[in-house]
Amino acid sequence: PFQDKYDAAKKVYDVDQDAYVKSGQKEAWRRDPEKPKKPLSAFFQFLSGYRTKNASLKPTEIAKLAGAIWKDMNAEQKKPYEKQYNDEKNKYDEAMKLYKASGKEEAWKAKTGKTSPKTGKTTVGKKKTTAK
């Protein structure tokens, strides 16, 4: 008796899911593969090196110890990590300028339904909030 209800609901679901996938809205949950990735901050670069040196420790212990060490470091000790971050950040900024100038960002947003063509406002992925 329940199989008939399931089959009917499954057919409706399949049709709705196909329409959802074809509309491009499913891809809106993913990151644009063409978009440049942000560089790791100075602390996370330090943390990455610290993890490789102390691979035997638990990840939570590594994070706590590295955070304490980073906090105690002076500006001179942090300088190589911050310089590397600034270099990568400049490369990222240039790549983002090229990405936006190429029109790939707008194409991705139009494809995934992230913006309304009329208003330019975001339509997918934002929760509606009410003022209290």
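Predicted model only: the values in this text are computed from it and were never measured. (Residues numbered from 1 in each chain as written. Predicted model: local features only at pLDDT ≥ 70, side-chain atom pairs only at ≥ 80, totals over all residues. Heavy atoms only, no water.)

> Teacher, can you tell me more about the overall build of the protein here?
Within the protein, the secondary structure is distributed over 5 helices and 0 strands. Scanning the protein from its N terminus toward the C terminus, one meets helices and strands in the order α-α-α-α-α. Across the 132 residues that make up the protein, the buried fraction comes to 18%. Taking all contacts inside the protein whose residues are at least 6 apart in sequence as the whole, residues at least 24 apart take part in 57%. Here the protein displays about 11000 Å² of accessible surface, and carbon together with sulfur accounts for 56% of that area. (Helix = DSSP H or I, 4+ residues; strand = E, 2+ residues; numbered from the N terminus. Buried < 20%, exposed > 50% of the residue type's maximum accessible area, 1.4 Å probe, protein only. Contact = heavy atoms within 4.5 Å. Areas by Shrake-Rupley, 256 points an atom, 1.4 Å probe, with all protein chains shown as cover.)

> How should the side chain of Glu105 be read in this particular structure?
The residue Glu105 is located in helix H5 (residues 104-112) in this model. Contacts of Glu105, omitting those with residues within four sequence positions, involve Tyr99 and Lys100.

> In this structure, what is going on with the environment of Met96? I would like to understand it.
Summarising the element assignment, Met96 is placed in helix H4 (residues 75-101). Residues Met96 and Pro36, spaced 60 residues apart in sequence, show a C-alpha to C-alpha distance of 6.4 Å. Residues contacting Met96, with those up to four places away along its chain left out, are Lys35 and Pro36.

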